Amino acid sequence: MSEHLKVNDLLPFYAAGSLDDARRREVENHLPTCEECLLDLELWAGVSVEIGKSNRLVTAPPALAARALMRVRTRLGLAGACLRTAQLLRAQSFLVQGEIWPASAAVMALGVIVALVSNHVEFVYFIAPLVAAASLTMLFGPANDPAYELVLATPTSPWKVLLARLSLVFGYNLLLSLIASLVLLVTVPPGLLGTLILGWLGPMAFLSALALLLSLWIGTPNAIAIAYILWIAQHVPYKSIGMWMEPLAWEPVVLSYQQFWHSPLLLCTLSILLVGIALWSTNRPAFGLSQRP
Amino acid sequence: MPAAEILLDRSMPIQNTDFDLIQRIAAGDEDALRILYAAYGQRLYAYAIRRTGDRSLADEVVQDSLVAVWQGAPRFRGEGRVIAWLLGIVHHKALNALRGRNVLPLPDGDGVNEPQDPAPSPAERADRREQRRQLLAAMAQLSGEHRTVLDLVFYQGLSLAETAEVCGCPVGTIKSRLAYAKACLRGVLTRLGYSAEELV
């Protein structure tokens, strides 16, 4: 960058008087040699005077600190905590990427239609964890959050922000999946509703938590790829492949892996653990969260 | 010099004084919050007004910000200036408050009676008023984002990095906004037949 451009960038701060001594001298050495910078400085000086004048006309109400302290005192306790939580959830609902909501609903609706038309209700079981996992990879971090730097500048801890967004998006996906299961009652006997819900609930929770954690550590695309591979791997027809290959020596492993995805209690427990690690990761620069895109 | 220093101990280093104040707030000292507001309230309120364009909304934003300061003080690590941290909170609270509302920024001056400079002659005063009116008209053409950057740089006295931190955007964006503001002001003033040197 030429000296002129460098000094020209400094001129507003020179006019505002916020430069350190070294930079101020740099500007002062350049000014006598540059007509353009002199003109710019005159403009900025005029702006500075006017902005100073207009702001000096504002008078801060003296009682605001007392009112804030009154609020602080009344907010202690359960009601205050609930109010703060509601405010945080509301605020974060605007910061979650807007396309997540319609995209999840559209994919889930498509899944229900396919399940009903093909009479394969298990398609909802297959698709629900995939939808939830994908949406949770886009919750947080410099690549996904347009307000990421702002989030870091506010007094709300990053882990609280992540937890709020996680609750919102996972809750939304849970609701979508429940609605999808209820729609499937058209073809499924009501007695099987519980089994149907348990079928997708555990995998959805685990795959979402895993995808969230991976997205924080290694980025959204990698997290989606790994989560999807892990999920789809259980549906690969290994026995058919075995017709052309040596009998699978690791068949017990495959069976255990498939069984793993049908263990709701284990999956839910692991989900809680993974979410805990993800929340802890938000304050750890070593996991790449502090990097800018 | 931060006003907090005036209210406390003049012999203490600036950053330490402000940081100590935040530490006292973190420890639950209500007087420290009052001193902080006495020191920075004017600047925070002016910024809230600029962002919201509405005095009652600005009241709410500053109150919310002070509550957030109270809650967030234990996490303040003193890595930057306290004023930049405070303005970042006000900026965020103002953004939240503005969601779903359609509030226009207040015009500069806002019709408040302004003390007149007694030195110039009536003719000079009239001429300066006209020049000022033109510059204000030019500044009114700027978007809220550009005007916010000018406020942070010229009234709040923030550095480039601090302005970027408060606005939640990269340093390059702030440079672009300043360049755009300059080009816009110069363009409007040229159209109105003024040159920059006539304004100072």
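Notes on the structure in this doc start here. Because the structure is a prediction, the values reported are computed rather than measured.

**Notes on the overall build of chain A**
Piece 1. When helices and strands are counted, chain A shows 14 helices and zero strands.
Piece 2. Here chain A holds 293 residues, and 43% of them are scored as buried.
Piece 3. The long-range fraction of contacts in chain A, counting pairs at least 24 apart against all pairs at least 6 apart in sequence, stands at 70%.
Piece 4. When the accessible surface of chain A is split by element, carbon and sulfur atoms take 69% of a total near 14700 Å².

**Quick look at helix α6 (residues 100-118) of chain A**
All names here are of chain A.
Piece 1. Helix length check: α6, at 19 residues, gives a terminal C-alpha distance of 27 Å against a target of 27 Å (1.5 Å per residue), a fit within 8%.
Piece 2. Within α6 the residues assigned to the buried category are Ile100, Ser104, Met108, Gly111, Val112 and Ala115. Projected down its long axis, α6 shows its buried positions confined to an angular sector of 100°, all on one face. Residues of α6 that are exposed and point more than 90 degrees away from the buried face comprise Leu110 and Val117.
Piece 3. Packing partners of the buried residues in α6 comprise α7 (122-136) and α9 (158-183).

**Quick notes on the interface of chain B and chain A**
Quoted interface sizes are often the accessible area lost when the parts come together.
Piece 1. In this complex, chain B contributes 63 residues to the contact, which on the side of chain A involves 49 residues.
Piece 2. Across the interface of chain B and chain A, roughly 5100 Å² is buried in total on both sides, 66% from carbon and sulfur atoms.
Piece 3. If you look at where chain B meets chain A, you find four salt bridges.
Piece 4. Note that Asp9 of chain A and Lys175 of chain B form a salt bridge whose closest N and O atoms lie 3.8 Å from each other.
Piece 5. In this assembly, chain B and chain A are joined by nine residue pairs in polar contact (both at pLDDT 80 or more).
Piece 6. Put simply, the parts of the chain that give the side of chain B that touches chain A at least two residues each are α3 (30-52), α4 (55-72), α5 (82-98), α6 (122-140), α7 (144-155), α8 (160-167) and α9 (171-192) of chain B.

**Some remarks on the packing of α7 of chain A against helix α11 (residues 220-233) of chain A**
Residues and elements named next belong to chain A.
Piece 1. The contact between α7 and α11 brings their axes to 10 Å, and the two run at 165°. Here α7 is positioned roughly antiparallel relative to α11, judged by the angle of their axes. As α7 packs across α11, the resulting crossing turns out to be right-handed. Of α11, the residues touching α7 (which contributes Tyr125, Phe126, Pro129, Leu130 and Ala134) are Ile224, Tyr228, Trp231 and Ile232.
Piece 2. Of the residues assigned to the contact of α7 with α11, the class counts are nine nonpolar, no polar and no charged.

**A look at the state of the cysteines**
Piece 1. Per the stated rule, a full pass over the model turns up zero disulfides over all chains.
Piece 2. Just so you know, Cys37 of chain A is unpaired, no disulfide at all, and the nearest cysteine sulfur is the one on Cys34 of chain A, 3.6 Å from it.
Piece 3. Distance from the sulfur of Cys169 of chain B, which forms no disulfide, to the nearest cysteine sulfur (Cys167 of chain B) is 4.9 Å.

**Focus: the nonpolar core**
Piece 1. Grouped together as the largest cluster of nonpolar side chains are 81 residues, with contacts concentrated most on Val47 of chain A together with Ile25, Leu36 and Leu150 of chain B.
Piece 2. Ranked by the residues each element gives to this core, the list is headed by α3 of chain B, at 13 residues.
Piece 3. Other than its neighbours up to four places away in sequence, Val47 of chain A contacts Leu135, Met139, Leu150, Phe154 and Leu185 of chain B.
Piece 4. Listed in part, the 46 residues of the second largest apolar core include Val96, Leu130, Leu196 and Ala211 of chain A.

Basis of the calculations
Residues numbered from 1 in each chain as written. Chains lettered and ligands numbered in written order. Predicted model: local features only at pLDDT ≥ 70, side-chain atom pairs only at ≥ 80, totals over all residues. Heavy atoms only, no water. Helix = DSSP H or I, 4+ residues; strand = E, 2+ residues; numbered from the N terminus. Buried < 20%, exposed > 50% of the residue type's maximum accessible area, 1.4 Å probe, protein only. Contact = heavy atoms within 4.5 Å. Areas by Shrake-Rupley, 256 points an atom, 1.4 Å probe, with all protein chains shown as cover. Expected span 1.5 Å × (residues − 1). Arc of directions from axis to C-beta. Buried area = accessible area lost by both parts, 1.4 Å probe. Salt bridge = Lys/Arg side-chain N within 4 Å of Asp/Glu carboxyl O. Polar contact = N/O pair within 3.5 Å; in protein donor to acceptor, adjacent residues only side chain to side chain. Axes fitted to C-alpha atoms, helices over the stretch in contact; angles between N-to-C directions. Parallel < 35°, antiparallel > 145°, perpendicular 65-115°, else oblique. Left-handed = near helix turned anticlockwise from the far one by under 90°. Nonpolar A, V, L, I, M, F, W, Y, C, P; charged D, E, K, R; others polar. Disulfide = S-S within 2.5 Å. Core = buried A, V, L, I, M, F, W, Y, C linked by side-chain atoms within 4.5 Å.

Note that every value here comes from positions in space, so none of it alone points to a role or purpose.
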